[in-house]
Amino acid sequence: MKKIILLGIFTMCYNFTLAQNEKGSTNDAARITLATYVPQQIDMMPDAARSILANKLSQIVTQNGMGGSANSERFIITANINVISKDLTPTAPSMTAFVLEVTLHIGDGIEGTKFSSTSITVKGVGENETKAYISALKGINPKNATIQSFVENGKSKIIEYYTSKCDFIIKEAQTLVSQNKYEEAIYKLTSVPTVCKSCYDKCMDAVAPIYKKKIDRECKLKLAEATNYWSANQSVDVANQVGELLTTIDPSAACFGDVKTLSNKIAARVKELDAREWKYILKDQAQESERIKAIRDIGVAYGNGQPKTVTYNVRGWW
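Residue positions are counted from 1 within each chain, in the order its sequence is given. Under the rules for a predicted model, residues below a pLDDT of 70 receive no local features and side-chain atom pairs below 80 are neither given nor counted, while totals for whole chains, interfaces and linings still include all residues. Note that the side-chain values use all heavy atoms of the structure and ignore hydrogens as well as water.

Novice: Whenever I open this one, the pairing of strand β3 (residues 96-108) confuses me. Can you help?
Specialist: Regular strands have side chains that alternate between both faces of the sheet. Think of it in three bands: with a 1.4 Å probe and only protein chains considered, a residue is buried below 20% of the maximum accessible area for its type, exposed above 50%, and partly exposed in between. Each helix is a run of DSSP H or I of at least 4 residues and each strand a run of E of at least 2, with the numbering of both proceeding from the N terminus. Among the 13 residues in β3, eleven count as buried, and that is most of the element. As paired elements, strand β2 (residues 75-88) and β3 share 13 bridges and run antiparallel to each other. Paired with S85 across the two strands is V99, which belongs to β3. By definition, two strands form a pair when at least two bridges between them are found by DSSP. In this structure, the hairpin formed by β3 and strand β4 (residues 113-126) is closed by a connection of four residues, where G112 is found at a positive phi of approximately 80 degrees.

Here is the structure:
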């Protein structure tokens, strides 16, 4: 009963603290973020124009409060372009004029599900086709009311995604835990933005016991390793190596009492061997804010370690 009460308090504190963070607009965890994706094949697009389109997509998500790290890379904003017309102006010298239909999409790039789409028409004139194409793309206005409505619709659909998939996300995380993939499980649960309140709350309830299992398992493994080292050679050098290992163990772990026992034995032996105090001091009991940060850091570190190249399934979007 005591463990359940403590775990409940931890979970409530976790939710409360992150809810406080949500009030700040700089917290990526509080927002839905979109990755930008420019397909390789776009109608008559010069290579020089690709960066212009990518920049415009980035401006759209930033302007609408959906910019950020986009660690998950699941939800994307992308575009396809059709050339409506290409003409030469009746001027001297003649110029190239493009009329482009730009179709924007927001969706789940992994599953290939499109959430929101809209089309706008832009025009550009330039000394050659490349400059005219770029001129037209520069006409994409992120503040355009049609674009803003399109983004809001996409955001609503992403929230609906989390609501409908929430139980599956938690089940997936629990399956990962059964495979000892704690970091991936924590990443999956902490990737749910706080704006998706219903699913976010469920995932925060689920992540606390997973974190506890993680640190308990790590404690057992590190304690066994440290004990074996020390049993094999009780020298000052080995004591220092073991000390480095013991100081990485979370004091909330179930076996931390045994860690302290081993640490005290080593400290006493070092004093006998070297007549000096052992310099290694175990971690103090973590504050709730530190523990919350540790959980979030695990998820972020796992996300940052994933491959940066993602293959998107968007062929059916245009």
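More follows now that the structure is in view.
Novice: For this particular structure, what's the right way to read the pattern of salt bridges?
Specialist: When charged atoms on two side chains of opposite charge get close, those side chains can pair. Only one rule defines a salt bridge in this text: a Lys or Arg side-chain nitrogen within 4 Å of an Asp or Glu carboxyl oxygen. According to the stated counting rule, one finds 14 salt bridges in the structure shown. For K214, the salt bridge is made with E218, and the minimal N-O distance between the two is 2.5 Å. You can see K214 and its partner E218 sitting in helix α6 (residues 197-232), four residues apart, about one turn around the helix. K214 sits in the buried class, given a relative accessible area of 7%. The class for E218 is partly exposed, based on a relative accessible area of 25%. Close ionic contact of K271 with E277 constitutes a salt bridge, the shortest N to O distance being 3.0 Å. What makes K271 partly exposed here is its relative accessible area of 45%. Each of R74, D108, E111 and K165 takes part in salt bridges that share partners, so that together they form one network.

Novice: Explain the state of the cysteines here, please?
Specialist: By definition, a disulfide links the sulfur atoms of two cysteines through a covalent bond. What counts as a disulfide here is a pair of cysteine sulfur atoms lying within 2.5 Å. Scanning the model with the defined rule gives two disulfides in all. Here C166 pairs with C199 through a disulfide, and the sulfurs are 2.3 Å apart. Residues C166 and C199 are joined through a disulfide that is right-handed, its torsion about the S-S bond being 90 degrees. Residue C166 is found in helix α4 (residues 145-178), and its partner C199 is found in helix α6; the two are separated by 33 residues along the sequence. Judged by its relative accessible area of 1%, C166 is buried. Covalently, C219 is tied to C255 through a disulfide, its sulfur atoms 1.8 Å apart. Between C219 and C255 the sulfur-sulfur dihedral comes to about -120 degrees; the bridge is accordingly left-handed.

Novice: Which parts of the structure should I look at to understand the sheet that holds β4?
Specialist: Strand pairing in a sheet is mediated by backbone hydrogen bonds. Such pairs are either parallel or antiparallel. Taking strand neighbours across the sheet as the criterion, the four strands line up as β1-β2-β3-β4 in an open arrangement whose pairing is mixed. In this open sheet, the two edge strands, each paired with only one partner strand, are β1 (35-37) and β4. Here the average twist between neighbouring strands, direction ignored, is 20 degrees. Pairing analysis gives 13 bridges linking β3 to β4, with the strands arranged antiparallel. In the strand pairing of β4, V99 is matched with K123. Contacts between residues were defined by any pair of non-hydrogen atoms, one from each residue, lying within 4.5 Å. To define axes, lines are fitted to C-alpha atoms, for helices over the stretch in contact only, and angles between the resulting N-to-C directions are given on a 0 to 180 degree scale. Sheet strands in contact with helix α2 (residues 47-63) are β1, β2 and β3, and its direction is about 130 degrees off that of β2. Contacts from α4 reach β2, β3 and β4, with the element oriented near 160 degrees to β4.

Novice: Can you walk me through the nonpolar core in this structure?
Specialist: Buried together is how nonpolar side chains tend to be arranged in soluble globular proteins. Only buried Ala, Val, Leu, Ile, Met, Phe, Trp, Tyr and Cys residues count toward a nonpolar core, and they belong to the same one when joined by side-chain atoms within 4.5 Å. Formed by 78 residues in total, the largest nonpolar core has its most connected members in L53 and L246. At 13 residues, α6 tops the list of elements feeding residues into this core. Leaving out residues up to four positions away in the same chain, L246 has contacts with A226, V259, L262, S263, I266, W278 and L282. Formed by five residues, the second largest nonpolar core is a distinct cluster that contains A35, I76, Y312 and V314.

Novice: Any chance you could explain the environment of I147 here in plain terms?
Specialist: Turning to its location among the elements, I147 is positioned in helix α4. Using a relative accessible area of 0% as the deciding quantity, one classes I147 as buried. Note: C-alpha distance between I147 and L104 (43 residues apart in sequence) is 8.4 Å. If we ignore the near neighbours within four places in the chain, the residues touching I147 are I60, L104, I120, I140, N141 and P142.

Novice: Help me understand the packing of aromatic side chains, please; the structure alone is not making it clear to me.
Specialist: How two aromatic rings sit relative to each other is given by the distance of their centres and the angle of their planes. Stacked, edge-to-face and tilted labels apply to pairs of Phe, Tyr and Trp rings (six-membered ring for Trp) whose centres lie within 6.5 Å, assigned for plane angles under 30 degrees, over 60, and everything in between, in that order. By the definition in use, this model includes nine aromatic pairs. For the ring pair Y187 and Y302, a centre distance of 5.2 Å and an interplane angle of 45 degrees mean the geometry is tilted. In this pair, Y187 sits in helix α5 (residues 182-190) while Y302 sits in helix α9 (residues 288-304), placing the two residues 115 residues apart along the sequence. Residue classification places Y187 among the buried residues on the basis of a relative accessible area of 14%. Judged by relative accessible area, Y302 falls into the partly exposed class, the value being 23%. An aromatic cluster is defined as three or more aromatic residues linked by ring pairs; in this entry it consists of F75, F115, Y161 and Y162.

Scope: geometric values only; no functional claims are made or implied.
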